[in-house]
Amino acid sequence: MSENNKSCGFRTSIGGQALIEGILMRGPKKQAIVCRTEDGLVEKLEELHPLRERYPVFGWPLIRGCVTFFDSLVKGMQALTYSASLVPLEEQGEPDKIDKWISDHFPEEKASKLIIYVAVVLGVLLSVFLFIVLPTFLVSVIKPLTSSYLIRNLSEGVFKVIILLTYMALVAKMKDVRRLFSYHGAEHKTIFCYEHGKELTVENVRPESRFHPRCGTSFLLVVVLVSILVNSVVRVSNPFARVGCHLLLLPVVVGISYEINRWCGMHDNWLSSVLSAPGKWLQRITTNEPDDDMIECAIRAMQLVIPEEQGTDEWGK
């Protein structure tokens, strides 16, 4: 087995996100954004203050998954907005009607925050429609699939997986998204290099695998698969009532999915390999091989968030 495919002795809690011509890396205490512009690398470093430090209940199992998921959505959208602002004006598209209306009616600082929260809400609503509403109603109009609750639940799950894979495959064909997915690959390779204890250089990062078991994209697939099991308790036929039940169970689905990802990240055995395998398959769509400039961005972002005290970023701490 090649070195870059061996299991890591150390698993870091540092995670990242691909941005527009850049990378976000989030460590236990700091978050760094590094973007490549015409003038070179632009860096933005922020201190992190997790809610669980002030409110311990947010660190409890199941609850922490929902809190982490929402916090990642907000911070991720903020980072994307910041990276988009660094794009030259001549390359930026016209703002959509909602963003323009907000900008015209609110002060600049407040408008910026409001645009981010509106984007998060719209993103959540789109996800709810695609993965809860649409599968439920598709199954309801195909009579053979409603012959029993077991067949109905499995059919809804199959539609969810098909919708997710189709959506990812379609967006992956877009030019800008292809570059975004290449930065995603750079993020994974850099984290692997760090976990293998190698010096963070382009030469060391380049041969690492771009398929990482603790990936946020993989988490989406885990959510879909867990929802199939959790929603099996729903025993109502009316599609509107089913959608309502699925929405009520969504925090449970997210909480369980987070705990599964967390457990897989802490263990290296046949079960963790099986559970993380579907997410790695999905990464064949959501990651591309990066160029050296992208790797440099990821390395710099990683360097900015590695804690001074060695080992304090170990996964599960």
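Conventions adopted
Residues numbered from 1 in each chain as written. Predicted model: local features only at pLDDT ≥ 70, side-chain atom pairs only at ≥ 80, totals over all residues. Heavy atoms only, no water. Helix = DSSP H or I, 4+ residues; strand = E, 2+ residues; numbered from the N terminus. Rg over C-alpha atoms; globule rule 2.2 N^0.38 Å. Buried < 20%, exposed > 50% of the residue type's maximum accessible area, 1.4 Å probe, protein only. Contact = heavy atoms within 4.5 Å. Areas by Shrake-Rupley, 256 points an atom, 1.4 Å probe, with all protein chains shown as cover. Lys, Arg positive; Asp, Glu negative; His and termini not counted. Charge placed at Lys NZ, Arg CZ, Asp CG, Glu CD. Pairing = 2+ DSSP bridges. Axes fitted to C-alpha atoms, helices over the stretch in contact; angles between N-to-C directions. pLDDT = per-residue confidence, 0-100. Core = buried A, V, L, I, M, F, W, Y, C linked by side-chain atoms within 4.5 Å. Left-handed = near helix turned anticlockwise from the far one by under 90°. Nonpolar A, V, L, I, M, F, W, Y, C, P; charged D, E, K, R; others polar. Expected span 1.5 Å × (residues − 1). Disulfide = S-S within 2.5 Å. Phe/Tyr/Trp six-rings, centres within 6.5 Å; stacked < 30°, edge-to-face > 60°. Lys NZ or Arg CZ within 6 Å of the ring centre and 35° of its normal.

Student: Kindly report on the overall build of the protein, identifying the contributing residues and their values.
Tutor: On a plain count of helices and strands, the protein comes out with 11 helices and 4 strands. At 20 Å, the protein has a C-alpha radius of gyration in line with the 20 Å of a compact globule built from 317 residues. Taken over the C-alpha atoms alone, the protein extends approximately 60 × 55 × 45 Å along its principal axes. The proportion of buried residues among the 317 residues of the protein is 40%. Here the analysis covers contacts within the protein between residues at least 6 apart in sequence; of these, 68% occur between residues at least 24 apart. Split by element, the accessible area of the protein, about 17400 Å² in all, is 62% carbon and sulfur. Side-chain charges of the protein comprise 34 positive and 35 negative groups, with the mean position of each set lying 10 Å from the other.

Student: Explain unusual backbone geometry residue by residue, including any values.
Tutor: Positive phi, normally seen in glycine, also occurs at Glu21, with a value near 55 degrees. Within the secondary structure layout, Glu21 lies in the loop between β1 (15–19) and β2 (22–26). With a relative accessible area of 26%, Glu21 lands in the partly exposed category. At Leu62, a position not held by glycine, the phi torsion is positive, near 75 degrees.

Student: Summarise the sheet that holds strand β4 (residues 40–47); cite the residues concerned and give the values.
Tutor: Spatial strand order, β1-β2-β3-β4: 4 strands in an open sheet with antiparallel pairing. Each end of this open sheet is capped by a strand with a single partner; those strands are β1 and β4. Between one strand and the next, the sheet's axes are offset by a mean angle of 15 degrees, whatever the strand orientation. Where strand β3 (residues 30–37) lies against β4, 8 bridges are found, and the strand directions are antiparallel. Within β4, the residue paired with Val34 across the bridge is Glu43. Of the strands in this sheet, β1, β2, β3 and β4 touch helix α2 (residues 63–85), which is tilted by about 40 degrees from β1.

Student: Describe the confidence of the model for the protein, and please don't skip the residues or the numbers.
Tutor: Taken over all residues, the pLDDT of the protein has a mean of 87, while the share at 70 or more is 94%. Scored below 50 in pLDDT, residues 1–6 makes 9 contacts in the model with residues more than four places away or belonging to other chains.

Student: Requested: an account of the nonpolar core, with residues and values cited.
Tutor: Core analysis: the biggest nonpolar cluster contains 23 residues, and Ile23, Met25 and Met302 have the highest contact counts within it. The greatest single-element share of this core, amounting to 9 residues, is contributed by helix α11 (residues 292–305). Beyond its immediate chain neighbours, meaning those up to four positions away, Ile23 contacts Gln17, Ala18, Ala32, Ile33, Val34, Tyr183, Glu187, Cys297, Ala298 and Ala301.

Student: An account of the environment of Lys29 is needed here, citing residue identities and associated values.
Tutor: In this structure, Lys29 sits in the loop between β2 and β3. The exposure class of Lys29 is partly exposed, given its relative accessible area of 49%. Spatially, the C-alpha atom of Lys29 lies 39 Å from that of Val158, the residues being 129 residues apart in sequence. Excluding anything up to four places from it in sequence, Lys29 contacts Glu46, Glu47, Leu48 and Glu53.

Student: Tell me about the packing of helix α4 (residues 108–140) against helix α9 (residues 239–266), and please be specific about residues and values.
Tutor: Interaxial distance between α4 and α9 falls to 10 Å at its minimum, and their mutual angle equals 145 degrees. Of the two possible hands of crossing, α4 and α9 adopt the one that is right-handed. Across the interface between the two elements, Val128, Ile132, Val133, Thr136, Phe137 and Ser140 of α4 pack against Pro239, Phe240, Arg242, Val243, His246, Leu247 and Leu250 of α9. Within the contact of α4 with α9, the residues separate by chemical class into 9 nonpolar, 3 polar and 1 charged.

Student: Let's hear about the environment of Phe10: which residues, and what values?
Tutor: For Phe10, the position within the fold is in the segment before β1. Through-space distance from the C-alpha of Phe10 to that of Leu86 is 35 Å; in sequence the pair is 76 residues apart.

Student: Go over helix α8 (residues 216–230), please, and point to the residues and values.
Tutor: Along its 15 residues, α8 runs 20 Å from first to last C-alpha, staying within 8% of the 21 Å computed at 1.5 Å per residue. Where burial is concerned, most of α8 is hidden: 11 out of the 15 residues are buried. Of all the residues in α8, the buried ones are Thr217, Ser218, Phe219, Leu221, Val222, Val223, Val224, Val226, Ser227, Ile228 and Val230. In this structure, the buried residues of α8 make contact with α2, α5 (149–171), α6 (175–195), α9 and α10 (270–286).

Student: Lay out the state of the cysteines in plain terms, naming residues and giving numbers.
Tutor: Per the counting criterion, the structure on display carries 0 disulfides. Cysteine Cys297 shares no disulfide, and the gap to the nearest cysteine sulfur, in Cys35, comes to 6.9 Å.

Student: Tell me about the packing of aromatic side chains, and please be specific about residues and values.
Tutor: Evaluated as defined, the whole model comprises 4 aromatic pairs. Look at Phe10 and Tyr194: their rings are 6.0 Å apart centre to centre, the planes differ by 85 degrees, and that puts the pair in the edge-to-face class. Within this pair, whereas Phe10 is found in the segment before β1, its partner Tyr194 is found in helix α6, the two being separated by 184 residues in sequence. With a centroid separation of 5.1 Å and 75 degrees between ring planes, the pair formed by Phe137 and Phe240 is classed as edge-to-face. Within this pair, whereas Phe137 is found in helix α4, its partner Phe240 is found in helix α9, the two being separated by 103 residues in sequence. Accessibility expressed as a relative area gives 62% for Phe240, which makes it exposed. Taking NZ or CZ as reference, Lys44 lies 4.5 Å from the ring centre of Tyr82, over its face. Sitting above the plane of the Trp315 ring, Arg214 keeps its charged end 5.4 Å from the centroid.

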